[in-house]
Amino acid sequence: MRLTKFTHSCVRLQRDRGVLVIDPGCWSEPTALDGATAALVTHEHSDHLDAAELARRDIEVYAPAQARIQGLAVTGVRSGDRFTVAGFAVRAVGGRHAVVHGSEPDCENLGYVIEDSCYHPGDSLTLPNAEIDTLLVPLQASWLKTCEAIAFVRAVAPRRAFGMHEGQLNDRGLQALNGWLSRAAGTDYRYLAPGETA
């Protein structure tokens, strides 16, 4: 499986059987979707979902069943669902977006475990309850502290972790967070720049 990181939370998974894109949002490059068979959307926020771009393409889109998405046909997914899309086995986990502020409403958020190996949590720190080889860890968000990101990586205990959800960071902030994760996460941590592949 080849993983290519795009800006913010968008990743592209590719192998002989197909191309699967997770969270192609309005901050990520539309080229992430070129040749894609399907897309998984963790939740309805625009930094994770560019509905207009997806609607222009002939791509299957899977999203939380309760997500409020207009102008785009999606297949609804619930926590615990298992399905195969673009040749990849997928398991949905979680349920709710991490809390930003106590009085603000949240939304449905699903993380996706791909091939029992790679985990994309979206905007949550829900544990996948499985051994994970590759974890995509959020670096910065209005709902996230650095100590929480580090604790999340340690709790999942993957073989390796790649940083994501960095769209609001400047270079200094990104360097600082990558330093913290590299030193404290307890695993092989690395940041993939947009367009970089592992």
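Everything numeric here is computed off the predicted structure, so don't read it as measured data.

What to know about the pattern of salt bridges
A full pass over the atoms with the stated rule returns nine salt bridges. Between Arg 56 and Glu 53 there is a salt bridge, and its shortest N-O distance comes to 2.6 Å. Since its relative accessible area comes to 11%, Glu 53 is described here as buried. Connected through salt bridges with shared partners, the residues Asp 34, Glu 53, Arg 56 and Arg 57 form a single ionic network.

Here we look at helix 3 (residues 171-184)
The terminal C-alpha atoms of helix 3, which comprises 14 residues, lie 20 Å apart, in line with the 20 Å expected from a rise of 1.5 Å per residue. Where helix 3 begins, one side-chain oxygen reaches toward the backbone nitrogen of Arg 172, 3.2 Å away; that side chain belongs to Asn 170.

Regarding the pairing of strand 2 (residues 11-15)
Relative to strand 2, strand 1 (residues 2-5) is paired through four bridges, and the arrangement is antiparallel. Considered in strand 2, the bridge of Thr 4 is made with Arg 12. Here strand 1 hands over to strand 2 after five residues, with His 8 in that stretch at a positive phi of 70°. Taken together, the five bridges between strand 2 and strand 3 (residues 18-22) define a ladder with antiparallel strand orientation. If you follow Leu 13 over to strand 3, its bridge partner there is Leu 20. Following strand 2, the chain reverses through two residues before pairing antiparallel with strand 3.

Section: the packing of aromatic side chains
Following the criterion strictly, the structure yields two aromatic pairs and no others. Between the aromatic rings of Tyr 62 and Phe 83, the centroid separation amounts to 5.1 Å while the plane-to-plane angle is 10°, which identifies the pairing as stacked. One end of the pair, Tyr 62, is in strand 5 (residues 60-64); the other, Phe 83, is in strand 7 (residues 82-85), with 21 residues separating them in the sequence. With a relative accessible area of 17%, Phe 83 lands in the buried category. Look at Tyr 119 and Phe 152: their rings are 6.5 Å apart centre to centre, the planes differ by 55°, and that puts the pair in the tilted class.

Re the nonpolar core
Counting 24 residues, the largest nonpolar core has Tyr 119, Leu 135, Val 137, Leu 139, Val 153, Leu 181 and Tyr 189 as its most contacted members. Of all the elements in the fold, those that place two or more residues in this core are strand 11 (134-138), helix 2 (146-156), helix 3 and strand 13 (188-191). If one sorts the elements of this core by residue count, helix 2 sits on top with five residues. In this structure, Tyr 119 is in contact with Val 93, Gly 111, Tyr 112, Val 113, Thr 126, Leu 127, Pro 128, Ile 132, Thr 134, Leu 135, Leu 136 and Phe 152, ignoring residues within four places of it in sequence. Of all hydrophobic cores here, the second largest spans 23 residues; its members include Ala 38, Val 77, Val 90 and Leu 192.

Looking at the sheet that holds strand 11
Pairing in this open sheet of seven strands is mixed, and the strands run 7-8-9-10-11-12-13 from one edge to the other. Two strands lie at the open edges of the sheet, namely strand 7 and strand 13, each paired on one side alone. Across the sheet, the axes of successive neighbouring strands diverge by a mean angle of 30°, strand direction being ignored. Bridge count for strand 11 against strand 12 (residues 160-164) is five bridges, and the pairing is parallel. Its bridge partner being in strand 12, Thr 134 is matched across the sheet by Arg 160. Across the sheet, helix 2 touches strand 10 (118-120), strand 11 and strand 12, and the angle it forms with strand 11 is around 165°.

A few points about the sheet that holds strand 1
Pairing within the open sheet is mixed, and its six strands lie in the order 1-2-3-4-5-6. Edge positions in the open sheet fall to strand 1 and strand 6 (75-77), since each of these has one partner strand only. The mean angle between the axes of side-by-side strands here comes to 25°, regardless of whether they run parallel or antiparallel. Where strand 4 (residues 38-40) lies against strand 5, three bridges are found, and the strand directions are parallel. When the sheet's bridge partners are listed, Leu 40 is paired in strand 5 with Tyr 62.

Rules of the game
Residues numbered from 1 in each chain as written. Predicted model: local features only at pLDDT ≥ 70, side-chain atom pairs only at ≥ 80, totals over all residues. Heavy atoms only, no water. Salt bridge = Lys/Arg side-chain N within 4 Å of Asp/Glu carboxyl O. Buried < 20%, exposed > 50% of the residue type's maximum accessible area, 1.4 Å probe, protein only. Helix = DSSP H or I, 4+ residues; strand = E, 2+ residues; numbered from the N terminus. Expected span 1.5 Å × (residues − 1). Polar contact = N/O pair within 3.5 Å; in protein donor to acceptor, adjacent residues only side chain to side chain. Pairing = 2+ DSSP bridges. Phe/Tyr/Trp six-rings, centres within 6.5 Å; stacked < 30°, edge-to-face > 60°. Core = buried A, V, L, I, M, F, W, Y, C linked by side-chain atoms within 4.5 Å. Contact = heavy atoms within 4.5 Å. Axes fitted to C-alpha atoms, helices over the stretch in contact; angles between N-to-C directions.

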